[in-house]
Amino acid sequence: PNLSTNNVLVDFPPASTSYSIMVTNSVGCSAYDTASIYVIPTLTNSISGSLVVCEGDSTTLTVSGNQTGMEYLWSTGETGNSIVVTSAEAGSFSVTGNYHGCPEASANTVVSVQAVPQLSLPADFITCPGESIVATASSSTPGAVFNWINLGLTGSTQTISPTLSGYIYVTSQVGNCVSPVDSFFIDISPNCFFEIPNVFTPNGDNSNDFFHLVDYSGISSL
């Protein structure tokens with residue numbers, strides 16, 4: 001395409017190009033050939049992966065470039081297209097990409113650590129059938145989301161109307177960081193089952209002469 005008539009061509013193609021040449025000798029005989037030149041675009045790369053890691057956990061950083069077969073060198077000294085970063089190693093990371101000696105591409109990122117929330121729950125409850133209890137959970141980390149697992153509810157405070165005794169399981173979550181599961185027990189007391197008469201016959205026959213509980217097991221005050 002550059003219309004040179006010399007036997008040596010110097011050119012600066014902006015994009016991949018095919019160069020064709022025709023050679024003719026003094027008696028009019030000709031020959032023709034074509035050479036294709038691949039121009040490598042300016043190299044670029046980018047880092048992907050979770051940039052927030054929970055305490056005690058790890059994340060994988062992956063680099064991708066605009067040329068297949070690029071070679072990568074991370075600031076940690078590792079090579080390849082991915083590295084694993086633990087919460088203890090969190091900080092700044094960079095990577096360079098090389099391809100056929102072209103000017104290197106670089107990318108930078110920062111991995112930060114998110115504390116795992118510490119969950120606090122109320123003490124166990126003792127209640128009577130049909131009564132509701134109000135339970136409140138709290139977390140060491142502001143803005144935590146509370147998951148009441150076996151209730152299928154979220155929020156810090158729940159009004160619970162249990163029909164059977166059992167455990168309530170809860171977690172707190174900030175971002176992707178989730179606390180260990182904790183629980184408290186709701187005990188529906190059998191002492192709540194007592195019989196109160198609605199009539200008595202104070203006629204001195206020693207039968208139903210006094211108004212009192214028929215069964216008062218577990219009752220401490222009336």
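Anything mentioned here points back to the structure above.
This is a predicted model, so every value here is computed, not measured.

Chemist: Can you help me understand the sheet that holds strand 4 (residues 52-54) in this one?
Modeler: What holds strands together in a sheet is hydrogen bonding between their backbones, with the strands either parallel or antiparallel. A sheet is described by the order of its strands in space; here four strands give the open sequence 4-9-8-6, paired in mixed fashion. On the outer flanks of this sheet lie strand 4 and strand 6 (71-74), each paired with one strand and no other. Each adjacent strand pair in this sheet contributes to an overall mean axis angle of 30°, direction not counted. Across four bridges, strand 6 lies against strand 8 (residues 91-98) in antiparallel orientation. Note that in strand 8 the partner of Leu73 across the bridge is Thr96.

Chemist: How do you make sense of the environment of Asp11 when you look at a structure like this?
Modeler: With respect to the element layout, Asp11 can be found in the segment before strand 1 (17-24). Relative accessible area serves as the criterion here: at 32%, Asp11 is assigned to the partly exposed category. Along the chain, Asp11 and Pro1 lie ten residues apart, while their C-alpha atoms are 9.8 Å from each other. The residues contacting Asp11, other than those within four sequence positions of it, are Asn2 and Tyr19. Within polar-contact distance, the side chain of Asp11 engages the side chain of Tyr19 at 2.8 Å.

Chemist: Is there a simple way to think about the pairing of strand 14 (residues 145-148) in this case?
Modeler: A regular strand carries its side chains on alternate faces of the sheet. With burial as the criterion, only one face of strand 14 is covered, namely that bearing Phe146 and Trp148; the residues Val145 and Asn147 on the opposite face remain uncovered. The sheet contact formed by strand 14 and strand 17 (residues 166-174) spans four bridges and is antiparallel. Across the sheet, residue Val145 finds its bridge partner in strand 17, namely Gln173. Alignment of strand 14 against strand 15 (residues 153-154), held across two bridges, turns out to be antiparallel. When the bridges of strand 15 are listed, Asn147 appears paired with Thr154.

Chemist: Looking at this model, I keep getting lost on the packing of aromatic side chains. Mind explaining?
Modeler: Given two aromatic rings, their pairing is described by the distance between the two centres and the angle made by the two planes. For the coordinates displayed, the defined rule picks out five aromatic pairs. Plain terms: the ring middles of Phe200 and Phe211 are 5.8 Å apart, the flat faces sit at 40° to each other, and that makes the pair tilted. Highlighted residues: Phe200 in the segment after strand 19 (182-188) and Phe211 in the segment after strand 19, separated in sequence by eleven residues. By relative accessible area, Phe200 is classed as partly exposed at 37%. A network of ring pairs unites the aromatic residues Phe125, Trp148 and Phe184 as a single cluster.

Chemist: How do you make sense of the sheet that holds strand 3 (residues 45-48) when you look at a structure like this?
Modeler: The strand order 3-5-7 describes an open sheet built from three strands, whose pairing is antiparallel. The open sheet has two edge strands, strand 3 and strand 7 (82-86), and neither has a second partner. Neighbour-to-neighbour, the strand axes of this sheet turn through a mean angle of 25°, independent of strand direction. In this structure, strand 3 lies alongside strand 5 (residues 58-65), joined through four bridges in antiparallel fashion. Counted as the bridge partner of Asn45 is Gly65 from strand 5.

Chemist: For this particular structure, what's the right way to read the pairing of strand 9 (residues 105-114)?
Modeler: As judged from the three bridges shared by strand 4 and strand 9, these two strands associate in the parallel manner. Residue Val52 lies in a different strand from strand 9, and its bridge partner there is Ser112. In terms of strand pairing, strand 8 meets strand 9 through seven bridges, oriented antiparallel. If you follow Gly91 over to strand 9, its bridge partner there is Val111.

Rules used throughout
Residues numbered from 1 in each chain as written. Predicted model: local features only at pLDDT ≥ 70, side-chain atom pairs only at ≥ 80, totals over all residues. Heavy atoms only, no water. Pairing = 2+ DSSP bridges. Helix = DSSP H or I, 4+ residues; strand = E, 2+ residues; numbered from the N terminus. Axes fitted to C-alpha atoms, helices over the stretch in contact; angles between N-to-C directions. Buried < 20%, exposed > 50% of the residue type's maximum accessible area, 1.4 Å probe, protein only. Contact = heavy atoms within 4.5 Å. Polar contact = N/O pair within 3.5 Å; in protein donor to acceptor, adjacent residues only side chain to side chain. Phe/Tyr/Trp six-rings, centres within 6.5 Å; stacked < 30°, edge-to-face > 60°.

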